[in-house]
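Here is what each chain is made of, one letter per residue.
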Amino acid sequence: MSDKKRHEVTSLLHLAGSMHQNLNFDSVLDVGTGKGYLGVSLAEALQLPVCGVDSDPKRCQAAERRTKSAKAECTFSTVAAPFGTFTTHDDLTGRVLITALHACGELSPSVLRFFLDNPACQGLLLTGCCYNLLDSFPLSETVGRKTSGSLSRTARMLACQSPLRRQLPAESLFFRAVLQTLAHAKQTPVTKRLKGLHSRCLDDYIAEASRRLNVGFDLEAIQPWKDKQAVFYRLLQLRNAFAPLIETLVQMDWLCFLRERGVRAQLIQVFDPVVSPRCFVIAAWKARDLKEIVK
């Protein structure tokens, strides 16, 4: 287990323990269980049966093998299937807690809907990621009324960035930007990746791209751009500073979506943002007598 994954699992276990203490779950559904790091740890720590769902059969097999190295006896099983086809499992009994650590793209809205639609699901811990793969936005009426009703692909890609971890990008990013500018001037936009095109020299990069694309670029037109690299990096860093705003908008949409349907929910920073940039967790529960999980 990597240091990042260990930090995430340990931190989420603590929050799951607090929820279990207050809500007394009978079983856990771990969505996108992967290799079972979180699922097996939950089964050990909470001493509850855990069912892990993942679309990859090989990852499910690896997760079940992990139970052999568990420090305590635990009940952990897997279902190898896309979450959209999942209905239930014998190990899911009574009051169910759903966990989803970094549910990728559209998996997060699917988990939210599943939680709302199933009366047995009484608790939820969800961390999203890969917002660039997100199609369902907005989910809530609240955010829908206050926005244009969509997020562009550029905005969704930007939401995935982490200003706290961002280092200066590779030179190739600047080279590609120059290439796009030259191509746009010739009305021949470059829409595909140029795999394996690496160079520490802008002239060589453009020359090789020109050969691959079969487009003649004027190498003299490159000269004015050579002094713009530092400015490009500063603009990129300024752009990345907006990433948390877009991510927060997505998370608030999910929070409002739950609350509009009478579910109590909190947005809680659980992870260190430098270690794990997707550091906020949606904690939700259907018990109306419990006002908050974390004060």
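Below, the structure is looked at part by part.

Procedures and definitions
Residues numbered from 1 in each chain as written. Predicted model: local features only at pLDDT ≥ 70, side-chain atom pairs only at ≥ 80, totals over all residues. Heavy atoms only, no water. Core = buried A, V, L, I, M, F, W, Y, C linked by side-chain atoms within 4.5 Å. Buried < 20%, exposed > 50% of the residue type's maximum accessible area, 1.4 Å probe, protein only. Helix = DSSP H or I, 4+ residues; strand = E, 2+ residues; numbered from the N terminus. Contact = heavy atoms within 4.5 Å. Salt bridge = Lys/Arg side-chain N within 4 Å of Asp/Glu carboxyl O.

So, the nonpolar core
Logical step 1: Leu-29, Phe-86, Ile-98, Leu-124, Trp-254 and Leu-258 are the most contacted members of the largest nonpolar core, which has 40 residues in total.
Logical step 2: Where this core is concerned, the elements lending two or more residues are β1 (27-31), β2 (50-54), β4 (96-104), α4 (107-117), β5 (121-129), α6 (153-159), α10 (243-259) and β7 (280-285).
Logical step 3: A total of seven residues in this core trace back to one element, the largest contributor, which is α10.
Logical step 4: Not counting residues up to four positions away in its chain, the partners in contact with Leu-258 are Leu-112, Phe-115, Leu-116, Leu-124, Val-263, Ala-265, Ile-282 and Ala-284.
Logical step 5: Formed by 31 residues, the second largest nonpolar core is a distinct cluster that contains Ala-43, Leu-46, Ala-63 and Ile-293.

Concerning the pattern of salt bridges
Between side chains of opposite charge, a pair can form when the charged atoms approach closely.
Logical step 1: On inspection of all chains with the given rule, the structure shows 10 salt bridges.
Logical step 2: As a salt-bridge pair, Asp-56 and Arg-59 come within 3.5 Å of each other at their nearest N and O atoms.
Logical step 3: The exposure class assigned to Arg-59 is partly exposed, which follows from its relative accessible area of 34%.
Logical step 4: Across the pair Glu-260 and Arg-261 runs a salt bridge whose closest N-O atoms are separated by 3.5 Å.
Logical step 5: On the accessibility criterion, Arg-261 (42% relative accessible area) is partly exposed.
Logical step 6: Put simply, Lys-4, Lys-5 and Glu-8 are held in one network by salt bridges that share partners.

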